[in-house]
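The residues making up each chain are set out below.
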Amino acid sequence: MDERVDQTEARPAPDTVSRASPTVRRPSTGYWVLTSLIVAGLAGGGWYLWTQHAAQTASHTAPNGRSAQGAPQPVGFATVDTGDIRIMLNELGTVTSLDTVTVYTQINGQLQEVGFKEGQVVKKGDFLAQVDPRPYQAALEQAQGTLAKDQGLLAQAQADLKRYQTLGRQDSIAQQQLDDQRYLVQQYTGTVQTDQGAVDTAKLNLAYCHIISPIDGQVGLRQVDPGNYIQTSSTTGVVVITQMQPISVLFSVPEDNLPDIVQRVRAGATLTIEAYDRANTRLLATGQLGTMDNLIDTTTGTLKLRGIFANPDELLYPNQFVNARLLVNTMPNAVRVPVPAVQRGEPGTFVYLINPDSTVSVRPIKVGPVDGTYQAVLSGLNPGDRVVTDGTDRLRDGASVSLPAQQGDGGRAGKPQPAGPISTSPADPAGQHEPRRQPQAQ
């Protein structure tokens, strides 16, 4: 009995044992496998990204600017040649008529008739409008009547003076009476002259009733309709007439360009001017330099010039804005390159010169004036040199380039045939530019 009790006391209860020392579960084999796969994947991804970054860094830092793969950049090119370069000044100008006249009435009256059509071309002396002449015809007749009466009085006074002079020589008349008659003749003479002036004025007013064109030109829109009473104090006038042929263009040039212009003008040269539209794309007319102003505008440092244009097609209209291109001089047989070939940066003005080994070199140049799509090169290039015109943004000194199979207008005329797998350039992830060759695995 006692032994049973001892054994029961020595053996702990199940609940007491579990609370005193809890059981720890060890990770299963699957857990360690999954953890190893995740660690290996992260390590592999990091290694791949590091190698790609190292490859790109090597491609940008390789000597002579070549990529690590040695893939040439496709570019467009042009061959340097010689030709005439025109020295042009492109300035904003305003078309101005050589003669612009606003026709006003010179007398007051009712406008009876308009003898022109709007936009019509008229000659000097052509009939334009008619003002009611009847009041002025009556005034003329009245002035003529007054003149005739005073002319009769003058004739009578002159006859009396002649008799008085005869009597005066015979001492049959007083000297005072003779002098009075002489003064009376002078008074009537003045009166007749005044009357003659009134007659001339009436005739002139009557002529003003018939309005004619003072110049050759084109009439504008009618400013007043027939039936209206027009006056000399009107500010609108009857119509505006502008001379269209020839016509002029006023423009200003910087004072720094004046010595070349003056030298050419004094040498007897005729400087050509081309008038382009506002967008500077369409040639409207060709003329020549007519006159130069006699002083420089101190506020702008420019001088006004006037170009004369025959304007046969009437493409130039007064107050029209145009681009005036003044041909100052011509450089014959100048070394020239297409404008896109000229670059500007840290070395100054330069071009990418294509070497015989299909690499490029940065060649500093000194440039001259631009003529259209060409720019003169004063030094740094020789005829026959090849320069890059397209794709310069991806080049640097010593970079390898690939030229198109056929040259066309100085641009990219063809693409190189790939010798291996093609991938887009790292600088062009969208694949919108030319492809770059990937080196094949050895």
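Residues numbered from 1 in each chain as written. Predicted model: local features only at pLDDT ≥ 70, side-chain atom pairs only at ≥ 80, totals over all residues. Heavy atoms only, no water.

Caption draft 1: Expanded view of the sheet that holds strand 5 (residues 109-114). Here we have four strands laid out as an open sheet, ordered 8-7-5-10, and antiparallel in their pairing. Both outer strands of the open sheet, strand 8 (210-212) and strand 10 (229-230), are each paired with one neighbouring strand and no more. As judged from the three bridges shared by strand 5 and strand 7 (residues 127-131), these two strands associate in the antiparallel manner. Residue pairing in the sheet places Glu113 in a bridge with Gln130 of strand 7. (Pairing = 2+ DSSP bridges. Helix = DSSP H or I, 4+ residues; strand = E, 2+ residues; numbered from the N terminus.)

Caption draft 2: The packing of aromatic side chains, seen in detail. Under the criterion given, the structure shown has one aromatic pair. Seen in terms of ring centroids, Phe350 and Tyr352 are 5.6 Å apart; in terms of plane orientation they differ by 90 degrees. Their pairing is edge-to-face. In terms of burial, Phe350 and Tyr352 fall into one category: buried. Over the face of the ring belonging to Tyr276 we find Arg325, whose NZ or CZ atom lies 3.7 Å from the ring centre. One cation-aromatic arrangement involves Arg336 over Tyr374; the distance from NZ or CZ to the ring centre is 4.1 Å. (Phe/Tyr/Trp six-rings, centres within 6.5 Å; stacked < 30°, edge-to-face > 60°. Buried < 20%, exposed > 50% of the residue type's maximum accessible area, 1.4 Å probe, protein only. Lys NZ or Arg CZ within 6 Å of the ring centre and 35° of its normal.)

Caption draft 3: Spatial organisation of the confidence of the model for the protein. For the protein, the mean per-residue pLDDT works out to 82, and 78% of the residues sit at or above 70. Note on residues 1-24: pLDDT is under 50 here. Beyond four places in sequence and across chains, it has one contact. Contacts for the low-pLDDT stretch residues 406-442, under 50 throughout, to residues beyond four places or in other chains number 57 contacts. (pLDDT = per-residue confidence, 0-100. Contact = heavy atoms within 4.5 Å.)

Caption draft 4: Region of interest: the nonpolar core. Residues Val249, Phe251, Ile261, Leu305, Phe309, Leu316 and Leu326 are the most contacted members of the largest nonpolar core, which totals 22 residues. Elements that contribute at least two residues to this core include exactly strand 3 (81-97), strand 12 (247-254), helix 6 (258-266), strand 13 (272-276), strand 14 (283-292), strand 15 (302-309) and strand 16 (321-338). In contact with Ile261, not counting residues within four places along its chain, are Leu89, Val253, Leu271, Leu289, Met292, Leu305, Leu326 and Val328. Ile107, Leu111, Val219 and Val239 belong to the second largest nonpolar core, which has 19 residues in total. (Core = buried A, V, L, I, M, F, W, Y, C linked by side-chain atoms within 4.5 Å.)

Caption draft 5: Structural detail: the pattern of salt bridges. Summed over the entire model, instances satisfying the criterion amount to seven salt bridges. Its salt-bridge partner being Arg336, residue Asp81 comes within 3.3 Å of it at the nearest N-O pair. Of the two residues, Asp81 is situated in strand 3 and Arg336 in strand 16; the sequence distance between them amounts to 255 residues. Taken together, the shared-partner salt bridges connect Arg86, Glu274 and Asp371 into one network. (Salt bridge = Lys/Arg side-chain N within 4 Å of Asp/Glu carboxyl O.)

Caption draft 6: Spotlight on a nonpolar patch on the surface. On the surface, Leu34, Ile38 and Leu42 cluster together into a nonpolar patch covering about 330 Å² of accessible area. The class of Leu42 is exposed, set by a relative accessible area of 66%. (Patch = residues over 30% accessible without salt bridge, like charges linked within 9 Å, V, L, I, M, F, W, Y side chains within 5 Å. Areas by Shrake-Rupley, 256 points an atom, 1.4 Å probe, with all protein chains shown as cover.)

Caption draft 7: Region of the structure containing helix 4 (residues 134-169). Between its terminal C-alpha atoms helix 4 stretches 53 Å, which fits the 52 Å expected from 36 residues at 1.5 Å a residue. What helix 4 keeps buried is the set Tyr136, Leu140, Ala143, Leu147, Asp150, Leu154, Ala157, Asp160 and Leu161. On its buried face, helix 4 is in contact with helix 5 (175-208). (Expected span 1.5 Å × (residues − 1).)

Caption draft 8: The side chain of Gln181, seen in detail. Mapped onto the elements, Gln181 comes out in helix 5. Ignoring anything within four residues of it in the chain, the contact list for Gln181 reads Ala157, Asp160, Leu161 and Tyr164.

Caption draft 9: Summary view of the sheet that holds strand 11 (residues 239-242). The strand order across the open sheet built from four strands is 4-11-9-6, with neighbouring strands paired in antiparallel fashion. Of all the strands in the sheet, just strand 4 (100-103) and strand 6 (121-122) have a single pairing partner and so form its edges. Sheet topology note: the strand 4/strand 11 ladder contains four bridges and is antiparallel. Each bridged residue has a counterpart across the sheet, and for Thr100 the counterpart in strand 11 is Thr242.

Caption draft 10: Up close: the pairing of strand 3. Pairing of strand 3 with strand 16 involves 13 bridges; the strand directions are antiparallel. Looking at strand 16, one finds that Asn90 is bridged to Arg325. Of the pairings in the sheet, the one linking strand 3 to strand 12 comprises five bridges and is antiparallel in character. Bridging from a neighbouring strand, Thr96 pairs with Ser248 of strand 12.

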